[in-house]
Amino acid sequence: MVSENSPDRGVSCKGLTKEYGQGQSRVLALRGVELDIPPGKLNLLTGPSGCGKTTLISVIAGTLNPTAGEVFVFGINLNRLSKKKVTAFRAKNIGFVFQQFNLLPALTAQENASVPLVINGWTKATALKRAADVLRSVGLGDRLNSLPSQLSGGQQQRVAIARGLIHEPRLLVCDEPTSAVDAASGHAIMQLIRSVAILPNRVAIVVTHDQRVLPFGDRIIAMEDGHVLSVKNQEIDVARLNGKLELENA
Ligand SMILES: Nc1ncnc2c1ncn2[C@@H]1O[C@H](COP(=O)(O)OP(=O)(O)O)[C@@H](O)[C@H]1O
Ligand SMILES: [Mg+2]
């Protein structure tokens, strides 16, 4: 059976394990992850370096196959789809912001951000127009024609975020999205991600080490050594987060 409902049609991980390498170099990166992520919330994934955060979100986003276990994304078991179907599902429904940005070096910021729309069949002209709007919303309206090599790390990170959000994916996964930006930009980025995350039927997972990001999360998922240690819900002080942004932009 290809499709199966998780209880709430968000993301559900059952008994996930992931091994890298073999013999002496074998690493057990995920050791049986059980995790349910309901929609409409911003989930932060935290934990020490090397505990398996990037591995877990890569498996959830269908870019990496688990060694054992299953992942359901909006009720769909990605491991049971053909490669072609996973690619099509990902293009339409998943946005991934990589830790290393992964921008295409020969494309401008605007072209990079437009890629998910072009893949989804938008004309180049409309995709570029929309890309310009999204880049403006991350403060890069004046760098549309810059190549990645002409941008700072923080600017490249914001292009990567624009590209991750542009097709309004139902599942948004961001790996350390504020690691290269200053406090004010980090705040604006988290507000943008949060505004997308809290829409009904959306799931957002943000991997972060950044203490400044923690107040934005509805749920804090703590990992350690390939396991989920705890999941805590917290109340969000929306007024405070909004107020702070205005202050920093002033
Ligand atoms: N491609 C890979 N090949 C071998 N080992 C890997 C690979 N990717 C990650 N690992 C190992 O798996 C463990 C978890 O890594 P990772 O998921 O990147 O952790 P985190 O994102 O929490 O820092 C680490 O021990 C790491 O060295
Ligand atoms: Mg990582």
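Residues numbered from 1 in each chain as written. Chains lettered and ligands numbered in written order. Predicted model: local features only at pLDDT ≥ 70, side-chain atom pairs only at ≥ 80, totals over all residues. Heavy atoms only, no water.

> Explanation requested: the pattern of salt bridges in the structure shown.
Pairing is possible between side chains of opposite charge, provided their charged atoms come close. One pass over the structure, following the stated rule, counts 7 salt bridges. A salt bridge links Asp 133 to Arg 136; its shortest N-O distance comes to 2.9 Å. Taken as a pair, Asp 133 and Arg 136 lie in helix H4 (residues 124–137) at a separation of 3 residues, close to a single helical turn. What makes Arg 136 partly exposed here is its relative accessible area of 47%. (Salt bridge = Lys/Arg side-chain N within 4 Å of Asp/Glu carboxyl O. Helix = DSSP H or I, 4+ residues; strand = E, 2+ residues; numbered from the N terminus. Buried < 20%, exposed > 50% of the residue type's maximum accessible area, 1.4 Å probe, protein only.)

> Would you take a moment to explain the nonpolar core for this structure?
It is characteristic of soluble globular proteins that their nonpolar side chains tend to be buried jointly. In this structure, Leu 42, Leu 44, Leu 135, Val 159, Met 190, Ile 193 and Val 206 are the most contacted members of the largest nonpolar core, which totals 39 residues. For this core, the elements supplying multiple residues, two or more each, are strand E3 (41–46), helix H3 (109–119), H4, helix H5 (153–165), strand E7 (171–175), helix H6 (183–197) and strand E8 (203–207). Broken down by element, this core gets its largest block of residues, 6 residues, from H6. In this structure, Leu 42 is in contact with Met 190, Ile 193, Arg 194, Ala 197, Ala 204, Val 206, Phe 216, Gly 217, Asp 218 and Arg 219, ignoring residues within four places of it in sequence. Counting 31 residues, the second largest nonpolar core, distinct from the first, contains Leu 35, Val 73, Val 86 and Val 203. (Core = buried A, V, L, I, M, F, W, Y, C linked by side-chain atoms within 4.5 Å. Contact = heavy atoms within 4.5 Å.)

> Help me understand the site of ligand 1, please; the structure alone is not making it clear to me.
The local shell around ligand 1 consists of Tyr 20, Val 27, Ala 29, Pro 48, Ser 49, Gly 50, Cys 51, Gly 52, Lys 53, Thr 54 and Thr 55. Between ligand 1 and the protein, one listed contact pairs an oxygen atom with a backbone N or O atom of Cys 51 at 3.3 Å. Notes on ligand 1: free accessible area 570 Å², of which the protein chains cover 58%. Elements with a contribution of two residues or more to the shell around ligand 1: strand E2 (27–37) and helix H1 (53–60). The element that contributes the greatest number of residues to the shell around ligand 1 is H1, accounting for 3 residues. Residue composition of the shell around ligand 1, grouped by class: 5 nonpolar, 5 polar and 1 charged. (Near = heavy atom within 4 Å. Polar contact = N/O pair within 3.5 Å; in protein donor to acceptor, adjacent residues only side chain to side chain. Areas by Shrake-Rupley, 256 points an atom, 1.4 Å probe, with all protein chains shown as cover. Nonpolar A, V, L, I, M, F, W, Y, C, P; charged D, E, K, R; others polar.)

> Looking at this structure, I do not really get unusual backbone geometry. What am I missing?
It is generally the case that most residues other than glycine have a negative phi and that most peptide bonds are trans. Here Phe 101, not a glycine, exhibits a phi torsion of approximately 70°, which is positive. With respect to the helices and strands, the residue Phe 101 is situated in the loop between strand E6 (94–97) and H3. Classification of Phe 101 as buried rests on a relative accessible area of 12%. The phi dihedral of Glu 168 is positive, around 50°, even though this residue is not glycine. Residue position: Glu 168 is located in the loop between H5 and E7.

> How should I be thinking about the side chain of Arg 202 in this particular structure?
On the secondary structure map, Arg 202 appears in the loop between H6 and E8. Notably, Arg 202 is buried but unbridged: the nearest opposite-charge side chain belongs to Glu 168, and the N-O separation is 4.4 Å. Separated by 3.4 Å, the side chain of Arg 202 and the backbone oxygen of Pro 169 make a polar contact. Non-local contacts of Arg 202, meaning those with residues more than four positions away in its chain, are made with Pro 39, Gly 40, Lys 41, Glu 168, Pro 169, Arg 170, Val 196 and Ala 197. (Lys, Arg positive; Asp, Glu negative; His and termini not counted.)

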